[in-house]
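Here is how the chains run, residue by residue.
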Amino acid sequence: MIPRRKHNASSGSLPPPDDKHASNDYILSDGSAREGWRAALRRRCTRKTLRKRLPIAGWLPQYGVQQAVGDAIAGVTVGLTVIPQSLAYANIAGLPPQHGLYGSFLGCFVYIVLGGCRAVPAGPTAIASLLTWQVAGGVLPKAILLNLLTGLVELLMGALGLGFLVNFVSGPVSSGFTSAVALMIATSQVKDLFAIPVSGTTFLQQWISIFRNIRGAALWDPVLGFSCIALLLSMRKIGMVKLGADRPEGPNARQKVLTKLLWLLGTCRNALVVVAGGALGFAVAARGSAPVRLMGAIPAGVPAPALPALSYVRADNSTADFLDMVSELGSGLLVIPLIVLLEDIAICKAFSDGRTIDATQEMIALGLANVANSFVQAFPGGGSLARSVVSNGSGVRTPLNGLYTGVIVIVALQFCTQYFEYIPKASLAAVIISAILFMVEYDVVKPMWRAKKLDLIPGIGTFVLCLTLPIELGILTGVVVNIVFILYHAARPKFSVEILKTEAGVEYLMITPDRCLMFPSVDYVRRLVTKSAAGGALPVVLECTHIYSADYTAAKSIEQLTADFHARRQPLYFYNVKPSVCSIFEAVTKPEHFTVFYEDDELDRLLAADPRLHAAKPPPPPGASPA
């Protein structure tokens with residue numbers, strides 16, 4: 001006997017739909033197709049959708065004087081920070097320094113309208129710069145085209161709602177990748193710190209080249225570089241000093257002012273060191289040849305908007321067309337958008353004040369920012385954690401702070417580039433190295449070891465692979481390893497097995513899986529259920545409360561499982577199967593083998609009516625009195 005399924009409020013299942021009153025609301029006749037499209041358009045074009053896709057519409061009507069003052073201070077402070085950073089990031093990308101500045105203003109303007117986080121000044125980042133160097137190889141047309149295609153890929157991912165892809169990069173993989181990138185960025189600056197040539201694309205290749213050429217290092221470049229590093233780290237410590245913090249009554253007015261000045265000194269340390277280095281470079285260059293390597297001439301002015309080049313001439317004088325360039329960029333077209341978005345989402349979460357982050361909207365904002373930047377000869381960029389910390393510490397209120405940052409960069413391009421050529425390369429290398437040292441996430445190893453040692457495998461694996469392989473292959477391999485761990489976990493569900501009694505005193509075996517049945521786990525589940533029930537004649541109840549979904553492969557496995565139990569005349573029942581899962585199982589299994597019940601008293605009736613249990617009982621001995 002197969003009991004009729006009925007809805008049980010405690011089971012969490014839903015009643016079956018009423019076929020007699022099925023809705024036809026979504027069936028449109030040919031004559032009403034146009035009205036249907038208009039209605040769908042009206043449903044999408046709501047005020048809520050407008051604020052979701054144009055975040056500026058949400059905060060601009062409430063914009064006031066306090067917000068304007070906070071944004072102005074933060075924008076100017078970030079502007080002073082972004083100029084030396086952009087020059088140094090262009091060096092990491094293997095491109096002329098002005099192209100770092102080209103990517104530091106237009107993206108800020110785009111993010112004002114479309115960005116969802118107040119503390120994200122869009123522009124060049126250390127990670128994106130390193131990836132650009134590894135993918136484009138320092139070829140300017142390829143780097144600019146990479147920026148355009150990166151933006152288009154981000155826009156496509158945003159249009160398709162693929163923000164969930166970021167979730168496949170776990171914390172251990174992200175930490176391993178970030179730490180490896182930090183070491184690679186620091187390694188890429190050794191050539192300017194010691195004024196030596198360095199070749200190679202991976203971490204190991206570069207250090208082999210460094211040790212081969214270290215004997216030719218200059219004298220004054222490392223002296224200046226290490227002095228700047230020591231000065232920058234000292235100023236960073238000074239910026240963290242809080243006068244009067246240990247006083248019970250708190251700091252007085254003078255201490256508050258001095259603390260703010262010390263914070264400002266630490267915040268603007270990069271700009272101060274670069275300006276001081278530029279002044280020193282100008283002073284020594286005026287007397288003759290400079291003892292340290294300088295940046296050289298930088299073109300003045302903002303570049304005229306132009307479409308990125310779709311071809312370029314290689315070193316062997318052969319011409320690479322658009323398809324050749326796309327082929328050469330390879331996996332970087334997918335890795336860079338994913339990594340840029342991952343970095344941006346992490347920043348948004350850190351400064352969101354508890355608000356939910358819309359990854360799809362960030363994809364759209366960064367995509368349009370990179371597309372716009374590609375028309376002014378910039379390479380890929382995104383949100384920078386260092387600039388976000390400065391912006392947040394400066395009292396930023398809204399994304400409008402990017403307006404002031406962009407204006408400062410434009411002013412610098414228009415009037416200050418003639419002074420940038422005297423900046424020593426060693427001082428810019430010091431700026432990068434002193435900032436990048438704190439990106440190595442060695443502090444996550446200990447808590448990861450305490451929490452779950454298995455997480456160290458994808459984390460350390462990604463770290464090692466990113467140092468030994470091209471970095472885009474390293475992160476992809478780390479993600480694949482992490483997905484393999486997820487699939488293995490999904491393919492090995494946990495089971496609880498216990499012997500229970502019904503109200504009538506009949507013993508049965510209750511088996512409870514803790515997750516859904518999908519194709520990776522079906523063979524394991526079938527084998528484990530069969531093993532648990534083997535060697536006994538007890539009825540088996542498979543408790544399906546935690547099975548929220550299943551697929552065809554799982555249904556076939558259930559069919560084989562029920563057939564096996566039926567062949568050896570051992571009862572098998574399914575308890576509390578969700579209607580959606582039950583319909584999948586019923587579509588494959590035989591009705592006489594697949595028995596479902598939803599209430600405990602039904603089990604007694606099923607066991608009492610099952611002839612297999614009565615046939616299995618041994619006959620009473622002769623002369624025995626009936627119970």
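Residues numbered from 1 in each chain as written. Predicted model: local features only at pLDDT ≥ 70, side-chain atom pairs only at ≥ 80, totals over all residues. Heavy atoms only, no water.

Asks: Explain the confidence of the model for the protein chain to me, and be specific about the residues and the numbers.
Replies: Mean pLDDT over the protein chain: 83, with 89% of residues reaching 70 or higher. Mean pLDDT in the protein chain bottoms out at helix H1 (residues 33–44), which sits at 60, and peaks at helix H5 (residues 98–102), which reaches 94. Across residues 1–31, where pLDDT falls below 50, the model places 30 contacts with residues more than four positions away in sequence or in other chains. (pLDDT = per-residue confidence, 0-100. Helix = DSSP H or I, 4+ residues; strand = E, 2+ residues; numbered from the N terminus. Contact = heavy atoms within 4.5 Å.)

Asks: I'd like a description of the packing of aromatic side chains, backed by residues and values.
Replies: Inspection of the entire model under this criterion finds eight aromatic pairs. On the basis of an interplanar angle of 45° and a centroid distance of 4.9 Å, the ring pair of Phe574 and Phe594 is categorised as tilted. Placement of Phe574 in strand E6 (residues 572–575) and of Phe594 in the loop between helix H27 (579–586) and strand E7 (595–597) is noted, with a sequence separation of 20 residues between them. A residue is classified by how much of its surface remains accessible, and Phe594, at 4% relative accessible area, is buried. Both rings, one in Phe585 and one in Phe594, keep their centres 6.0 Å apart while their planes meet at 85°; by these two values the pair is edge-to-face. (Phe/Tyr/Trp six-rings, centres within 6.5 Å; stacked < 30°, edge-to-face > 60°. Buried < 20%, exposed > 50% of the residue type's maximum accessible area, 1.4 Å probe, protein only.)

Asks: Any chance you could break down the pattern of salt bridges for me, citing the residues and the numbers?
Replies: Going through the model one piece at a time under the given rule, you end up with eight salt bridges. With a closest N to O distance of 3.9 Å, Arg605 and Asp601 form a salt bridge. Of this pair, Arg605 and Asp601 both sit in helix H28 (residues 600–609), four residues apart, roughly one helical turn. Accessibility expressed as a relative area gives 45% for Arg605, which makes it partly exposed. Connected through salt bridges with shared partners, the residues Lys142, Arg314, Asp324 and Glu328 form a single ionic network. (Salt bridge = Lys/Arg side-chain N within 4 Å of Asp/Glu carboxyl O.)

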